[in-house]
Each structure stands twice: as C-alpha cells, then as structure tokens.
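Read off the chains here:
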Amino acid sequence: MKGFCRQKENKIRRSSMAHCKTEQDDWLTVYLKYLLFIFNFFFWAGGAAVLAVGVWTLVEKSGYLGVLASSTFTASAYILLFAGSLVMLTGFLGFSAIVREDRGCLSTYFCLLLVIFLVELVAGVLAHVYYQRLSEELKQHLTQTLAEKYGQPGAADITASVDRLQQDFKCCGSNSSADWQFSTFVLSQEAQGRRVPDSCCKTVVPHCGRRLHPSNVYKVEGGCISKLEHFLADHLLLMGAVGIGVACLQICGMVLTCFLHQRLQRHSY
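The name recorded for the protein chain in an unreviewed UniProt entry is Tetraspanin, from Erinaceus europaeus. Regarding the protein chain, the UniProt comment filed under Subcellular location (unreviewed entry) reads as follows: "Membrane". The heading Sequence similarities (unreviewed entry) in the UniProt record of the protein chain holds the text "Belongs to the tetraspanin (TM4SF) family."

Structural data, given as structure tokens:
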C-alpha cells in the first residue's frame, strides 16, 4: 500500500513539473513574440527612414547630380530606395508571421532580412568606395564639364545642372569665377558678352553675367567643388549611418526570429 502511494506521489510530482515546464516554455514564447514585435516596429520605422533618405536624395537634390562623372552616388541612393521599400514590405510580413505564429512566414521573414542585409552591405561598400575617390573625381570632371560642355548643343541637362548647382550653393566656377574665362561658352557668340553664366549672379537677371564685380557675382573661396564635395560627403555619411543602423537591427531580428521559430517548432511536436 505504501509503495502504491509513493508511486502515485511521484507521478503527480512529475506531472506537476512537466506542467510548470510547459508554462515556462509558453512564457518564453510570449516574451520572444513581444520582443520580435517591438523589433519589427523599429525595423519598419528604419525602413521608412531609409526610403525617405533615398527619395530626398533623388528627387530634391538630383538636379545637379548630372555633373558627376560616375553614377555611383545615384546607384547607392537607388539601392537605399529599393532596400527601404523592401524593409517596409518585410515589416508587414513580420507582423503577420508573429501574430499568426506561422513558421513558414517566419522562415520567409528571416530570408528577406538576410537579403536586405546583403543589399545594404552592397550600398555601404559603394558609398565607401565613392567617398574615397570623391574629391579627385570632382576636381577632374567638374572643371572639364564647366569649361567644355556648358551651354553646348545637346548638353541641356548638364547646363541646367550647373546652373542649379551654382544657384543652390551660391558659387561660381569649379574653383572660382576665373574658371569661366576660357570656357567654350564664354568664348562663343551665345554668351553675348557674358564673362560668366547668369547663374553666377547673386540676383539672376538676363545678361547679368557681363559684370564680374563681387557685389554682383559669387566669389566663394574654393568654388563649387568644395561646396558639392561637402554636400555629397554629408549625404554619403547619412546614407551609411542609416544603413548601418538598420543592419544592426536586422542582426537582432534574425536572432530573435530563429529563437521564435525554434520554440514554435518544439511546441508543434
């Protein structure tokens, strides 16, 4: 009789321990879901920030990017645009996977996080490479563009880019207004006596480029090269900072997704 009672007590104890362990596993799953949900919210917000930076770069400030020799800067912005859109779509998938506790959706979510991480890595590498050669490219290409292509037939886009560049940054010439002295535009009949383009003027009116006095024309030390270089460097640093921030979030998200997937898989057995 005593042996029977002892066996019954052991059975109840084991059942109680198993029940406690199941409850503990359930709470761990709930905690993981909440953590992943919070991560996914910040991840989605980060995607919106990446998308906003890409759109702002291409729409608001692309008017004078035509003067750049390579398309690396623009390509980096397009990659961020693509990554930001994909992040936001992936965020919606993540919310769905967490609420439904769907292991298939979680697997897809993890794969998309990995793809986005690799895309942002490529954008970061491109931005870093371009940052290293930015100054040299501007010195070589911008001076040549202003001297040989401004105001020429078939170069309307470049002319518009240079005009906007000089007006936005309040500068004149690649290094100074003297850069226009022997330019193809100034030496042509189309210049009509202008010594610099009208976009060099502080107040733009027709033929204002005939007068080179500092009260009329921008005389900025370093010219447009230093201004554009500073602008592009700031944008590259901003793109890199946003990309790195979202990439760090993704690593946390991938780890949490793996843990939650493992917990759900254990519960299904």
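K.L.:
Could you give me a rundown of the overall build of the protein chain, with the residues and numbers involved?
P.N.:
Helix and strand content of the protein chain: six helices and zero strands. Beginning at the N terminus, the succession of helices and strands in the protein chain can be written as α-α-α-α-α-α. Every one of the 269 residues in the protein chain was classed for burial, and the buried ones make up 39%. Carbon together with sulfur atoms contributes 63% to the accessible area of the protein chain, which is approximately 14900 Å² in total.

K.L.:
Before we move on, can you summarise the confidence of the model for the protein chain with the specific residues and values?
P.N.:
In this model, the protein chain carries a mean pLDDT of 76, and residues with pLDDT of at least 70 account for 81%. Per-residue pLDDT stays below 50 along residues 8–25; that stretch engages in two contacts with residues further than four places along the chain or on separate chains.

K.L.:
Now, about unusual backbone geometry: what can you tell me, with residues and values included?
P.N.:
Its identity is not glycine, yet Lys170 carries a phi of approximately 55°, on the positive side. Structurally, Lys170 is set in the loop between helix H4 (156–169) and helix H5 (184–187). Lys170 sits in the partly exposed class, given a relative accessible area of 46%. Residues other than glycine seldom take positive phi values, yet His207 does so here, at roughly 65°. Note that His207 resides in the loop between H5 and helix H6 (223–268).

K.L.:
I'd love a proper account of a nonpolar patch on the surface, names of residues and values included.
P.N.:
There is a patch of nonpolar side chains on the surface, built from Leu114, Leu118, Leu121, Val125 and Val129 and spanning about 420 Å² of accessible area. Looking at where Leu114 falls in the secondary structure, it is placed in helix H3 (residues 103–148). For Leu114, a relative accessible area of 37% gives the class partly exposed.

K.L.:
Please provide a residue-by-residue account of the nonpolar core, values included.
P.N.:
Counting residues in hydrophobic clusters, the biggest one holds 52 residues, and the most contacted among them are Leu36, Phe43, Trp180 and Leu228. Broken down by secondary-structure element, the contributors of at least two residues to this core are helix H1 (2–60), helix H2 (72–100), H3, H4, H5 and H6. When residues of this core are assigned to their parent elements, the largest contribution, 13 residues, is made by H6.

K.L.:
Before we move on, can you summarise the UniProt feature "transmembrane region" (unreviewed entry) in the protein chain with the specific residues and values?
P.N.:
Under the local residue numbering, the UniProt record ascribes the feature "transmembrane region" (unreviewed entry) to residues 34–58, 78–99, 106–131 and 236–260. A distance of 32 Å separates the end C-alpha atoms of residues 78–99, which is 100% helix and 0% strand. For the annotated span residues 106–131, helix accounts for 100% and strand for 0% of the residues, and the straight-line distance between the end C-alpha atoms is 37 Å.

K.L.:
Could you give an account of the state of the cysteines, with specific residues and numbers?
P.N.:
In total, this model carries three disulfides according to the counting rule given. Residue Cys171 pairs covalently with Cys224 via a disulfide, S to S 2.0 Å. Because the torsion about its S-S bond is 100°, the bridge between Cys171 and Cys224 counts as right-handed. Taken together, the residues span a long stretch of sequence, with Cys171 in the loop between H4 and H5 and Cys224 in helix H6 at a distance of 53 residues. Residue class for Cys171 comes out buried when judged on its relative accessible area of 0%. Owing to a relative accessible area of 1%, Cys224 belongs among the buried residues under this scheme. Paired by a disulfide, Cys172 and Cys200 hold their sulfur atoms 2.2 Å apart.

K.L.:
Residue-level account of H4, with values.
P.N.:
Compared with an ideal rise of 1.5 Å per residue, which puts 14 residues at 20 Å, H4 spans 20 Å between its outermost C-alpha atoms and is within 8% of the ideal. Looking at H4, one finds that the buried residues are Ile158, Thr159, Ser161, Val162, Leu165, Gln166 and Phe169. For H4, the buried positions fall inside an angular range of 160° around the axis, keeping them on one side. Away from the buried face of H4 by more than 90 degrees, exposed residues Ala156 and Asp157 are located. Remark: Lys170 follows H4 within two positions and exhibits a positive phi of approximately 55°.

Criteria and thresholds
Counting starts from 1 at the beginning of each chain's written sequence and moves along it residue by residue. In keeping with the model being predicted, local features are shown solely for residues with a pLDDT of at least 70 and side-chain atom pairs are shown and tallied solely at 80 or more, while totals for entire chains, interfaces and linings include all residues. To get the side-chain values, all heavy atoms of the structure are used, and hydrogens and water are removed first. UniProt positions are given in the numbering used here, feature names are shortened, and annotations may be inferred rather than shown by experiment. Counting from the N terminus, the helices are the DSSP runs of H or I reaching at least four residues and the strands are the DSSP runs of E reaching at least two. Accessibility here uses a 1.4 Å probe with only protein chains present; expressed as a share of the type maximum, an area under 20% marks a residue as buried, one over 50% as exposed, and anything in between as partly exposed. To measure how exposed things are, a 1.4 Å probe is used in the Shrake-Rupley method; for residues, cover is taken only from the protein chains shown. Summary of the metric used: pLDDT quantifies the predictor's per-residue confidence within the range 0 to 100. By definition in these notes, contact holds between two residues if any of their heavy atoms fall within 4.5 Å. To count toward a patch, a residue needs a relative accessible area over 30% and no salt bridge; like charges are then connected within 9 Å, while nonpolar side chains (Val, Leu, Ile, Met, Phe, Trp, Tyr) are connected within 5 Å. What makes a salt bridge here is a side-chain nitrogen of Lys or Arg within 4 Å of a carboxyl oxygen of Asp or Glu, nothing more. We define the nonpolar core as a collection of buried residues of types Ala, Val, Leu, Ile, Met, Phe, Trp, Tyr and Cys that are connected through side-chain atoms lying within 4.5 Å of one another. Throughout, a disulfide means two cysteine sulfur atoms within 2.5 Å of one another. The length a helix should cover is 1.5 Å for every residue beyond the first. Picture the helix axis, draw a direction to every C-beta atom, and the arc is the one those directions span.

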